[in-house]
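Below, each chain spelled out in residue letters.
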2 protein chains.
Amino acid sequence: MVKISDVARHAGVSPSTVSYVLSGKRSISEETRRRVQDSISELGYRPHAGARALASSRSNVLALVVPLRTGIHVPVVMQFAVSVVTTARRHDHDVLLLTQEEGDEGLRRVADSALVDALIVMDVQLRDERLPMLRTLDRPSVLIGFPAETEGLTCIDLDFRAAGEACLGHLAGLGHRVVGLIGSPPEVYERGTGFAERTTEGFLAAAGEHGVDASVHPCEATADAARALVERLLDEHPDLTGVVVHNEPVLDAVVKAFQAAGRRVPEDLSVVAICPDELAEHAELPLTSVAIPAEEVGRGAVELLMDKLDGKDVPAATLLPPRLTARASTAPAAAG
Amino acid sequence: MVKISDVARHAGVSPSTVSYVLSGKRSISEETRRRVQDSISELGYRPHAGARALASSRSNVLALVVPLRTGIHVPVVMQFAVSVVTTARRHDHDVLLLTQEEGDEGLRRVADSALVDALIVMDVQLRDERLPMLRTLDRPSVLIGFPAETEGLTCIDLDFRAAGEACLGHLAGLGHRVVGLIGSPPEVYERGTGFAERTTEGFLAAAGEHGVDASVHPCEATADAARALVERLLDEHPDLTGVVVHNEPVLDAVVKAFQAAGRRVPEDLSVVAICPDELAEHAELPLTSVAIPAEEVGRGAVELLMDKLDGKDVPAATLLPPRLTARASTAPAAAG
DNA sequence: GTGAAAGCGCTAACAC
DNA sequence: GTGTTAGCGCTTTCAC
């Protein structure tokens, strides 16, 4: 293994000079820098990560905790993860992958052992059991999602409340007066996942403002459940003309079920989805949707963390504004 | 930060004794062990990962390189990743997440800097550009998937050849004489992804043996492409009575398209899928399938790596036998 | 602008 | 069965 002293000898300088060339923490003459860099590439030198972490008390590694639960859309999790890794690399950091399963003890383990400098936690519940741990850890963290109490934390996510409002606003603007929200599976609500509740709040609040008749319906992530729910919905609300679907796996099934029930989309019934853009674009009938900006959230989380590691102040809450794209699944309500 | 010398002082022993209690690398009296362990938990001591890596030249971290390409089924990638992380943790290791994007240079970076002890590489191509790097690296690696030339490598995967054979064998056993394979998107074949070719080989070889008329058809991962392909298939092979589908995203669309074309499944047409069991089970019509054993492959990869790190010899190739589960999508061919 | 040297916290040889 | 101690390879003060 080639070490910093080998490089120093080869370049005819001291080890500290090599270190400073690498870190840029003090000025180096152009001539010296060049010689050192030539030696580095000639010898194929790579600083030993452990030695560096020990001496500098920085590992340049971030922890990313991914969820493993039912009711969350896996591809979105991967998008987050890839975005986090890519952004971290741009900041010269690596990413350690942890699963939810490790719990708060796992967070303490990687933080206290100095394996990681900072943590990103996905799929945060309203009263997440990991929050006390995150607050007492001496390392910065960023949550993707919002717990009930954000005191002392840094959170980032799509503004789901605004997303719910935007969906309802779009339908209301098209003249729809009776609409429904087909939401996440019941367990997502039961365990108090912020995004589901917040979407509902925004949806209902906007319905109140617009004088729209609105109802909310959790839905299991199966086609059967979707069909049953659509039937019930049409039964209970025969004059329904619009729905918002916040449940990726059943998007297709919902549209199909309405069609099977004799409702043309969008002529008789408008559908707005809250889902990743690719899903909405590539649906059989391209869907009007509010995007889940996984890439931006992941990138934003890393950038907040980098700022915190640099000792900068960052906002406690970062809410990304919803972006609604009108596609083929919504149309003005038939004159009634 | 509490360090090993703090624990030693607190327990009235030397630092090395604490170290040996932790590593179990020499025998310790019961009495001493207890005192040390009490001190550890009382003080909340965690060994510093960097210091440990520096002194022992073991980081206890594995690299996992995940694919980012089109034509691969994202949930399966997540299953691999979770299985790798879970198994690694059982062996007291953590997992560093790398993306394909980093290329072979990324592999060298984490290996040469001693950030990781070993590497797992997913989605290996037949002539993968990272192979030369992996061969020269001084750290062990395991590939998920098989390149054309496995000399000097350790590989593990489902035995796709046997899977192709099993699917055809199942259909042939039911009396089907004209069958098709609906495969991965064309780009998967073009870039020489081993699993797609191997499935095809097994499928065709078994067809030869059973005297079955078989054809192979790559298919884009969209419902439209699936519909078009099914129409063409029925046009060119009007007496087709069985298909194997090795393309997760279009499973549903394929079944629907056959039904739309007036073929009842399984009465007129049998369908065998190669896909994760959950997908086959939860399809609208539960599908006879050969499982993609993501969990076993991930676990196996980590265990091979642990053996290699322990200096044990491991088989160069590990092929997991296919497991076919008959469900509602296959039936005997109508007497013809 | 550069060098010398003191650690960073741990492991493992060596000694008893 | 336990203690002493010399590194592991780097960063960073202190000195010039």
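Read on for an overview of the structure. (Residues numbered from 1 in each chain as written. Chains lettered and ligands numbered in written order. Predicted model: local features only at pLDDT ≥ 70, side-chain atom pairs only at ≥ 80, totals over all residues. Heavy atoms only, no water.)

1. Some points on the packing of aromatic side chains
All names here are of chain A. Overall, the coordinates contain 2 aromatic pairs over all chains when judged by the stated rule. Residues Phe-160 and Phe-195 carry aromatic rings whose centres are separated by 5.2 Å and whose planes lie at 40° to one another, so their mutual orientation is tilted. Taken together, the residues span a long stretch of sequence, with Phe-160 in helix H8 (residues 160–173) and Phe-195 in helix H10 (residues 194–210) at a distance of 35 residues. Residue classification places Phe-160 among the buried positions, given a relative accessible area of 6%. (Phe/Tyr/Trp six-rings, centres within 6.5 Å; stacked < 30°, edge-to-face > 60°. Helix = DSSP H or I, 4+ residues; strand = E, 2+ residues; numbered from the N terminus. Buried < 20%, exposed > 50% of the residue type's maximum accessible area, 1.4 Å probe, protein only.)

2. A word on the pairing of strand E11 (residues 317–320) of chain A
Residues and elements named next belong to chain A. What you see with E11 is a clean split: Thr-318 and Leu-320 sit on the buried side and Ala-317 and Leu-319 on the side with no burial. Strand direction decides the pairing type here: strand E5 (residues 155–158) and E11, joined by 4 bridges, are parallel. Its bridge partner being in E11, Asp-157 is matched across the sheet by Leu-319. (Pairing = 2+ DSSP bridges.)

3. Concerning the protein's contact with DNA strand C
Near DNA strand C there are 27 residues, and of these Thr-17, Ser-27 and Thr-32 of chain A together with Ile-4 and Tyr-45 of chain B occur at the shortest range. At the protein interface, 59% of the atoms of DNA strand C within 4 Å belong to sugar or phosphate. Ser-16 of chain A is positioned with one of its side-chain polar atoms (N or O) 3.3 Å from a base nitrogen of DNA strand C. Note that a phosphate oxygen of DNA strand C is positioned 3.2 Å from one of the backbone N or O atoms of His-48 of chain B. (Near = heavy atom within 4 Å. Polar contact = N/O pair within 3.5 Å; in protein donor to acceptor, adjacent residues only side chain to side chain.)

4. Quick word on the relation of the copies chain A and chain B
Laying chain A over chain B is done by rotating through 180° and shifting 0.0 Å along the axis; what remains is an RMSD of 0.1 Å. Accordingly, the operation relating the two chain copies is best matched by a two-fold axis. When the interface residues of chain A are mapped onto chain B, 100% of them again fall at the interface, so both copies present the same face. (Least-squares fit on C-alpha atoms with pLDDT ≥ 70 in both. Contact = heavy atoms within 4.5 Å.)

5. Here's the deal with the protein's contact with DNA strand D
Residues in contact with DNA strand D amount to 28 residues; listed here are only the nearest, Ile-4, Tyr-20 and Tyr-45 of chain A together with Ser-27 and Thr-32 of chain B. If you look at DNA strand D and keep only atoms within 4 Å of the protein, 56% of those are sugar or phosphate atoms. At a separation of 2.7 Å, a phosphate oxygen of DNA strand D approaches a polar side-chain atom of Thr-17 of chain B. Interatomic distance of 2.3 Å between a side-chain N/O atom of Thr-32 of chain B and a phosphate oxygen of DNA strand D. Considering each element in turn, the surface near DNA strand D owes the most residues, 4 residues, to helix H4 (residues 49–56) of chain A. When the residues that make up the surface near DNA strand D are grouped by side-chain class, the tally is 11 nonpolar, 11 polar and 6 charged. (Nonpolar A, V, L, I, M, F, W, Y, C, P; charged D, E, K, R; others polar.)

6. Focus: the pattern of salt bridges
Following the criterion strictly, the structure yields 50 salt bridges over all chains and no others. Here Arg-323 of chain B and Asp-277 of chain B are joined by a salt bridge, their closest N and O atoms 3.3 Å apart. Here Arg-323 of chain B, found in the loop between strand E11 (317–320) and strand E12 (324–325), pairs with Asp-277 of chain B, found in helix H13 (residues 277–282); they are 46 residues apart in sequence, far enough to count as distant. We classify Arg-323 of chain B as partly exposed; its relative accessible area is 41%. Residue classification places Asp-277 of chain B among the buried positions, given a relative accessible area of 15%. Three or more residues are tied together by salt bridges with common partners; here these are Asp-224 and Arg-227 of chain A together with Asp-252, Lys-256 and Glu-284 of chain B. (Salt bridge = Lys/Arg side-chain N within 4 Å of Asp/Glu carboxyl O.)

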